[in-house]
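# Report on the structure
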Amino acid sequence: MEEREIRIQKVAKLREQGVEPYPYRFERSHRVGEARRAWEERGGAGATGDAPAVRLAGRLVGVRRMGKANFAQLEDQDGRIQLYLSVDKTADFERFRDMVDRGDFLGVDGTLFLTRTLELTVEVRRFELLAKAVQPMPEKFHGLKDVEMMRRQRYVHLLSDAEARGLFAKRTRIITALRRYLDERGYLEMTTPVLQPVYGGAAARPFTTVHNELKRTLFLRIATELYLKRLIVGGYEKVYEVGTVFRNEGIDSTHNPEFTLLELYQAYGDYTDMMSLTEEMVRALAVQVNGSAKLPARAIGGAQVEIDLGQPWRRVAYLDAIKEYAGVDVSGVRDIEGAIAAARQAGVDTRALHAHTWEQVIGEIFDQRVEERLVQPTLVMDYPAGLCPLTKRHRSNPMLAERFELYIAGLETANAYSELTDPAYQAEQFAAQSRAASAGDEEAQPRDEDFLLALEYGMPPTGGLGIGVDRLVMLLTGATSVRDVLLFPQQRQAQE
């Protein structure tokens, strides 16, 4: 008989014995970490007097049966502690021996003591089954197939891997630290709509839905930008949101169709202010959560590379970076034919390009020949204006836009602008996007009339910044795939 069937039969037998295998609650006196501290505060191994009494709860992650005595490992969020149960000291010992299995949740009453091997242990007087696990615990994970199972059944991964639980707890601490950093500097966290009548703020395809009562098509937001900017128009000077956004795009090691994005906007600033904020904030987060400005070493180009956020970050112009790393000078390119010729010279396979403008072709050169070589933190500045429909033109060169992106370990991590505040020019940019959409560009942004109306009420000079939180977590934890820092990533349909 399969183990699952045996466990299901145990559930029935427990109920026949008057024992409910799924009770309502259990009041504990300590977590495992608190129990260990209580032992040390008493004086540890050399103390005299009564041993601390504890009432603990957690999952059994190991059981050793030895006739009239059983040892077990109980695990809660703090960690593990050993249990000792015996026929002489533990009530209903036979029920534990016969009906309790690895993976079950258990509550125990007992006292702390040290074994002869000096392991802190609970001598269990009474126990209560808190949840009977009918699925057996996995022994361990190994191989690619099991990596896929970890992501599809994250709960199994977490219950069997304390290191994984630690990684996702660290993700939470990173996001908390991010919010605290901004809150302490006067930023207000706002909440903007997830369902939007007009999507915008990024070049991406949206997910589409229908509201039955309103009888209208709505879109899952691809960014929070346009609503946060409305708040700057409304009189707030520093706003941000950490929220989930959705883009109907591919899935790979750095992309998931839903992801966490930080966007912030600061009145009376520009992209140079955002550069300083980004460098200082990311460095501070690394020190706070890792204790160092140096990131965990990662494999890049066949070697283990240590990335140091503590050194001043390099700043390089976009076109200069293409010339330096791709070996082509595109500063004089102004048409798509010239851009395609430059792309071929740089070794880009232009047959697969879906670009509609010369700026997009140059973007492909950057993506394919430059990005992966930006290992140490680099702020790439001053993009072609055609790639930045929501950005002010560069104050000294109107062919460029005041935009930068942050690259670390070849990964785009942040994107920032001197925000476009001229309603007439913004309307022109939306018109250009409409023409691109008519030409087949599925990522062109639609015209947002209400946003244009908001700009007509006046928006002060503003700097804006977006940071991909999942990618930031990857960098700070050393993860190599975004799916390893998302609790429940989207997965391709499992093969039968």
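Relevant structure appears above.
The following paragraphs examine the structure supplied in this document.

What counts and how
Residues numbered from 1 in each chain as written. Predicted model: local features only at pLDDT ≥ 70, side-chain atom pairs only at ≥ 80, totals over all residues. Heavy atoms only, no water. Axes fitted to C-alpha atoms, helices over the stretch in contact; angles between N-to-C directions. Helix = DSSP H or I, 4+ residues; strand = E, 2+ residues; numbered from the N terminus. Parallel < 35°, antiparallel > 145°, perpendicular 65-115°, else oblique. Left-handed = near helix turned anticlockwise from the far one by under 90°. Contact = heavy atoms within 4.5 Å. Nonpolar A, V, L, I, M, F, W, Y, C, P; charged D, E, K, R; others polar. Salt bridge = Lys/Arg side-chain N within 4 Å of Asp/Glu carboxyl O. Buried < 20%, exposed > 50% of the residue type's maximum accessible area, 1.4 Å probe, protein only. Pairing = 2+ DSSP bridges. Expected span 1.5 Å × (residues − 1). Arc of directions from axis to C-beta.

Contact geometry of helix α6 (residues 162–183) with helix α14 (residues 469–477) gives a least axis separation of 10 Å together with a crossing angle of 120°. Taken together, α6 and α14 sit at an angle that is classed as oblique. Read as a crossing pair, α6 and α14 show a hand that is right-handed. Taken together, the residues of α14 that come into contact with α6 (itself represented by Leu-167, Lys-170, Arg-171, Ile-174, Ile-175 and Leu-178) are Val-469, Asp-470, Val-473, Leu-476 and Thr-477. Considered class by class, the residues forming the contact of α6 with α14 number seven nonpolar, one polar and three charged.

Scanning the entire structure with this criterion turns up 36 salt bridges. Arg-97 is the partner of Asp-98 in a salt bridge, and the nearest nitrogen-oxygen pair spans 3.0 Å. According to the relative accessible area criterion, Asp-98 is partly exposed, its value standing at 39%. Arg-395 is paired through a salt bridge with Asp-270; the nearest N and O atoms lie 2.9 Å apart. Taken together, the residues Arg-395 in the loop between β16 (393–394) and β17 (397–408) and Asp-270 in the loop between β11 (258–267) and α8 (271–290) connect sequence positions 125 residues apart. With a relative accessible area of 14%, Asp-270 lands in the buried category. In the salt-bridge network here, residues are joined through shared partners; they are Glu-3, Arg-7, Lys-10, Asp-101, Asp-104 and Lys-132.

With that out of the way, let us pick up the sheet that holds strand β2 (residues 69–75). Read around the barrel, five strands follow the order β1-β2-β3-β5-β4 and close on themselves; strand pairing throughout is mixed. Between one strand axis and the next, the sheet turns through 55° on average, direction left out of account. Sheet topology note: the strand β1 (residues 53–66)/strand β4 (residues 105–114) ladder contains seven bridges and is antiparallel. Bridging across to β4, Gly-58 finds its partner in Leu-106.

With 14 residues, helix α1 (residues 3–16) extends 20 Å between its outermost C-alpha atoms, agreeing within 8% with the 20 Å of an ideal straight helix rising 1.5 Å per residue. Of all the positions in α1, only Arg-7, Lys-10, Val-11 and Leu-14 are classed as buried. Looking straight down α1, one finds that the buried residues subtend no more than 105° of arc, so they occupy a single side. Next to the buried residues of α1 lie α3 (93–99) and β5 (120–131). Backbone geometry just downstream of α1 places Gly-18 in the positive-phi region, at approximately 85°.

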